[in-house]
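# Topology and contacts: notes
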Amino acid sequence: MTIRFKHTSSRLGFSLIEVIMVLALFSFVFFIIVALKSNVDVLKNLSTQKLISRQDVEQTFQIMTSEIRSAAVSSIGSYPLITTTSSTFSFYSDIDHDNLFEQVTYSLSSSTIIKTVIKPIGNPLSYPTSTQIISSVVEYVVLASSTPLFQYFDSSYTGTEDALSEPISISAVRSVLVSFYTDLDPGVVVRPVFFQNFVTIRNLRSN
């Protein structure tokens, strides 16, 4: 009897095609990981920038409303309010707490809120425009057609009445509603952030 042995060949290692496919797959996965990490870093940096920008605007807005709330008779006896339009509000307020009341104006110029300050000087005191200091306080402002920068209310306002219509009688104003949107990063398509505060002028309250 003849015994025959069947020869079985075992396949060891990888073919060249398999090696190329594995390397290609590895490269693809590596590329995806690097791309995802890059996107995460970009989003993280953008989020940090947005936070800083929003904090800056919130701080500026707080200063602005605080100055409006403290409006009072000027250092030469003039009425606390000077100009009351939808895009410009001018008043007197002791913004640096030195017992002298500066002339302060907030106005919208294109897409920027501008702050102008004139300090009283001389003897007798006066408010010369030659000493005014102008600064940009909020940029990339976006206003809705139905939401002007400034709206004014008289002493009869209880929360539901409409704002005073222009031309506004300065002596009737008791409160100011400040509202605006700002695009914190105009290079990125995101919804603008809305800022609004209703400010009652303490020194003009009738009760």
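Coordinates for the structure precede this section.
We now turn to the structure provided with this report. Model, not experiment: these values are computed from the prediction.

## As for unusual backbone geometry
Cis geometry is found at the peptide bond from Asn123 to Pro124, where omega equals 5 degrees. Locating Pro124 in the fold gives a position in the loop between strand 4 (112-118) and strand 5 (133-138). The omega angle of the peptide bond from Glu166 to Pro167 is 0 degrees, so this bond is cis rather than trans. Examined against the element boundaries, Pro167 turns out to sit in the loop between strand 7 (150-153) and strand 8 (175-182). At Asn99, a position not held by glycine, the phi torsion is positive, near 70 degrees. Along the chain, Asn99 turns up in the loop between strand 2 (88-93) and strand 3 (102-109). Of note in the backbone geometry, Ser110 takes a positive phi value of approximately 60 degrees without being a glycine. In this structure Ser110 comes out as exposed when scored by relative accessible area, which is 73%.

## Quick word on the pairing of strand 8
Most of strand 8 sits inside the fold, with 7 of its 8 residues counted as buried. In the sheet, strand 6 (residues 141-142) pairs with strand 8 via 2 bridges, with the strands oriented antiparallel. Within strand 8, the residue paired with Val142 across the bridge is Tyr181. For strand 7 and strand 8, the ladder comprises 4 bridges, and the chain directions are antiparallel. The residue of strand 8 that forms the bridge with Gln151 is Leu177. Across 8 bridges, the pairing between strand 8 and strand 9 (residues 193-200) is antiparallel.

## Considering the pattern of salt bridges
Tallied over the full model, the rule gives 4 salt bridges. Two residues, Glu67 and Lys115, come together in a salt bridge whose shortest N-O distance is 2.9 Å. Of this pair, Glu67 sits in helix 1 (residues 16-69) while Lys115 sits in strand 4, placing them 48 residues apart in sequence. With a relative accessible area of 12%, Lys115 lands in the buried category. One salt bridge connects Asp98 with Lys119, and the closest N-O pair in it is separated by 2.4 Å. Here Asp98 is found in the loop between strand 2 and strand 3, whereas its partner Lys119 is found in the loop between strand 4 and strand 5, with 21 residues between them in sequence. What makes Lys119 partly exposed here is its relative accessible area of 29%.

Definitions and cut-offs
- Residues numbered from 1 in each chain as written.
- Predicted model: local features only at pLDDT ≥ 70, side-chain atom pairs only at ≥ 80, totals over all residues.
- Heavy atoms only, no water.
- Helix = DSSP H or I, 4+ residues; strand = E, 2+ residues; numbered from the N terminus.
- Buried < 20%, exposed > 50% of the residue type's maximum accessible area, 1.4 Å probe, protein only.
- Pairing = 2+ DSSP bridges.
- Salt bridge = Lys/Arg side-chain N within 4 Å of Asp/Glu carboxyl O.

Read these as layout, nothing more, since geometry by itself doesn't imply function.
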